[in-house]
Amino acid sequence: MAATPAATFSIGTTSSLGSKMSSLPQSKPCALRLNQNSLKSFSGLKAASSVNCESESSFLGKESSAALRGSFAQKAQKADRRFQYNFQPRASYKVAVLGAAGGIGQPLSLLIKMSPLVSDLHLYDIANVKGVAADLSHCNTPSKVRDFTGNSELANALKGVNVVVIPAGVPRKPGMTRDDLFNINAGIVKNLVEAVADNCPDAFLHIISNPVNSTVPIAAEVLKQKGVYDPKKLFGVSTLDVVRANTFVAQQKNLKLIDVDVPVVGGHAGITILPLLSKTKPSVSFTDEEIQQLTVRIQNAGTEVVEAKAGAGSATLSMAYAAARFVESSLRALDGDGDVYECSYVQSDLTELPFFASRIKLGRKGVEAIISSDLQGLTEYEQKALEALKPELKASIEKGISFAHKQTVAA
Ligand SMILES: NC(=O)C1=CN([C@@H]2O[C@H](COP(=O)(O)OP(=O)(O)OC[C@H]3O[C@@H](n4cnc5c(N)ncnc54)[C@H](O)[C@@H]3O)[C@@H](O)[C@H]2O)C=CC1
Ligand SMILES: O=C([O-])CC(=O)C(=O)O
């Protein structure tokens, strides 16, 4: 491997210093010094062997990993230059998780705690979050963890935050649809988004709470009512659909997992989840039966987990993994990485529907571009499935919007 800058990335422990650093203090939490070797050992989700960030255990895709590697290599050099004058922490973003004590919230918070880009991690819940924060705070990664319990502490949880992730709300039990969660989760999301509007209106807002097809339009209406809606910064987290599609396709076709990328468009419930298998990278051919079977499996994967958990909730660990990937992508975009692409359910003009999941390019200001090419040249099967999902997705969007309006009238 090419020689790397003398500086070494260290996290809150005794630093390993190059000779020119030897007069500097040995222990400097957040005094991050980077080289490529130490980057791989820190980013625990990219397994230790991922000298080039291409380990199969990475939640970063191959392209993303390459971009990350590039961005870190550059930053290592910059950091090294800067370092001669001034210690500048690299971890500089504040992230808040609302619903942090829950099934998704806990593992998600752990994964975010492992990010080299996060300086402050704010954990908010209505109960049981103190212990989660105490536990996490012992991990020797750079971010400072703070806990916030209940409505009276919500504003402080949000002040100055760059990315807010909302997994607050109830999960499904067997026999329920995601829409069956609407009556409880719509109000939870509305209240939390109001607080986001009041305290960190510029933050990227990631909505996980179901039904995402409706909770994202609710969030948009709340932000509009507060006069702070920026459609580029509101995201429905549909990353788990992509994670699943990649996994199932790689298994079915015996492909190296890290290479597989399947765009998933539409929404995040049943038939509104539309994997575009014809756009799979690397290019791979499927029989009609395979397309049918894979599409249905991806659409029903949430239900598969709900049934396997038999009343104990829905996907939490894979969801945390997927949401952490989306957070990391957002932070890289905020940090100036110009090569960040994810699928997400966002305000969109790709179809006649006001919200639609598709691949987007993320930048410092949020959605920089909606990638339209995935919807071009669809197969007949995909085109039919796209038309078939529209009425359901439209109804879910309208349900969310009308909920937000009714709440305003009632207030
Ligand atoms: N977008 C997606 O792909 C996925 C979405 N989900 C959804 O995520 C949500 C959470 O799922 P789990 O973590 O499994 O549920 P959970 O019940 O384990 O955790 C939810 C947490 O939210 C907290 N909470 C409830 N009301 C709150 C409020 N007003 N403010 C702050 N926190 C509040 C609870 O105290 C609890 O700690 C569900 O709606 C589920 O359907 C789940 C999997 C995938
Ligand atoms: O299925 C559920 O209720 C949770 C969810 O959204 C998923 O796992 O995709």
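Residues numbered from 1 in each chain as written. Chains lettered and ligands numbered in written order. Predicted model: local features only at pLDDT ≥ 70, side-chain atom pairs only at ≥ 80, totals over all residues. Heavy atoms only, no water.

As annotated in an unreviewed UniProt entry, the protein carries the name malate dehydrogenase and comes from Ziziphus jujuba. In the Subunit (unreviewed entry) part of its UniProt record, the protein is described as follows: "Homodimer." (UniProt positions renumbered as here; feature names shortened; annotations may be inferred.)

Neighbouring ligand 2 are the residues Arg172, Arg178, Asn210, Leu240, Arg244, His268, Gly302, Ser314 and Ala315. A distance of 2.9 Å is found between an oxygen atom of ligand 2 and a side-chain nitrogen or oxygen belonging to Arg178. One nitrogen or oxygen atom from the side chain of His268 is found 2.6 Å from an oxygen atom belonging to ligand 2. When each cavity is represented as a set of grid points, ligand 2 is found to reside in the largest pocket. (Near = heavy atom within 4 Å. Polar contact = N/O pair within 3.5 Å; in protein donor to acceptor, adjacent residues only side chain to side chain. 1 Å grid on protein atoms, 1.4 Å probe; cavity = no way out; pocket = protein on both sides within 12 Å on 5 of 7 lines; lining within 4 Å. Sits in = over half its atoms within 2 Å of the grid points.)

What follows concerns the site of ligand 1. Close to ligand 1 lie 28 residues; Gly103, Ile104, Asp125, Val170 and Asn210 are nearest. In this structure, Ile208 approaches ligand 1 through a main-chain N or O atom, which is 3.1 Å from a nitrogen atom. One nitrogen or oxygen atom from the main chain of Val237 is found 3.3 Å from a nitrogen atom belonging to ligand 1. With the chains in place, 85% of the 860 Å² that ligand 1 exposes on its own is no longer accessible. Taking a 2 Å distance to the grid points as the criterion, the majority of the atoms of ligand 1 fall inside the largest pocket. Looking at the shell around ligand 1 residue by residue, the classes come out as 17 nonpolar, ten polar and one charged. (Areas by Shrake-Rupley, 256 points an atom, 1.4 Å probe, with all protein chains shown as cover. Nonpolar A, V, L, I, M, F, W, Y, C, P; charged D, E, K, R; others polar.)

Moving on: the UniProt feature "domain: Lactate/malate dehydrogenase N-terminal" (unreviewed entry) in the protein. Those residues carrying the UniProt feature "domain: Lactate/malate dehydrogenase N-terminal" (unreviewed entry) are residues 94–236 in this numbering. A distance of 20 Å separates the end C-alpha atoms of residues 94–236, which is 38% helix and 21% strand. (Helix = DSSP H or I, 4+ residues; strand = E, 2+ residues; numbered from the N terminus.)

Here we take up the side chain of Asp241. Looking at the secondary structure, you find Asp241 in helix H8 (residues 239–253). A polar atom in the side chain of Asp241 sits 2.7 Å from the side chain of His268. Dropping the residues within four chain positions of it, Asp241 is found in contact with Val264, Gly267, His268, Ile273 and Ile298. (Contact = heavy atoms within 4.5 Å.)

For helix H12 (residues 380–410), built from 31 residues, the straight-helix expectation of 45 Å at 1.5 Å per residue is met to within 8% by its first-to-last C-alpha distance of 46 Å. At Lys390, H12 is bent by approximately 30°, the largest bend along its length, and proline Pro391 sits one to four residues beyond. Where H12 is concerned, the buried positions are Glu382, Ala385, Leu386, Leu389, Lys390, Leu393, Ser396, Ile397, Gly400, Phe403 and Ala404. Here the buried face of H12 lies against helix H6 (182–199), helix H7 (212–225), strand E7 (264–266), strand E8 (273–275), strand E9 (340–347) and strand E10 (355–363). (Expected span 1.5 Å × (residues − 1). Bend = angle between axes of the 7 residues up to and from the residue. Buried < 20%, exposed > 50% of the residue type's maximum accessible area, 1.4 Å probe, protein only.)

Within the structure shown, the criterion is met by 15 salt bridges. Linking Lys253 and Glu290 is a salt bridge whose minimum nitrogen-to-oxygen distance equals 3.0 Å. Within this pair, whereas Lys253 is found in helix H8, its partner Glu290 is found in helix H9 (residues 288–299), the two being separated by 37 residues in sequence. You can call Lys253 partly exposed: its relative accessible area is 22%. Close ionic contact of Glu387 with Lys390 constitutes a salt bridge, the shortest N to O distance being 3.1 Å. Here Glu387 and its partner Lys390 are both found in helix H12, three residues apart, which amounts to about one turn of the helix. Given the relative accessible area of 40%, Glu387 is considered partly exposed. One connected set of salt bridges, linked through shared partners, spans Glu352, Glu387 and Lys390. (Salt bridge = Lys/Arg side-chain N within 4 Å of Asp/Glu carboxyl O.)

Turning to the layout of surface pockets, a few remarks are in order. Considering only enclosed or pocket space, the largest pocket measures out at about 670 Å³ in volume. Secondary-structure elements contributing two or more residues to the lining of the largest pocket are strand E2 (118–125), H6, H8 and helix H10 (301–309). Looking at side-chain class alone, the lining of the largest pocket contains 21 nonpolar, 14 polar and five charged residues. (Points joined across faces, edges and corners; volume = space filled by probe spheres on them.)

This brings us to the UniProt feature "domain: Lactate/malate dehydrogenase C-terminal" (unreviewed entry) in the protein. The residues that UniProt annotates with the feature "domain: Lactate/malate dehydrogenase C-terminal" (unreviewed entry) are residues 239–403. Spanning residues 239–403, this segment combines 47% helix with 17% strand, and its end C-alpha atoms are found 26 Å apart.

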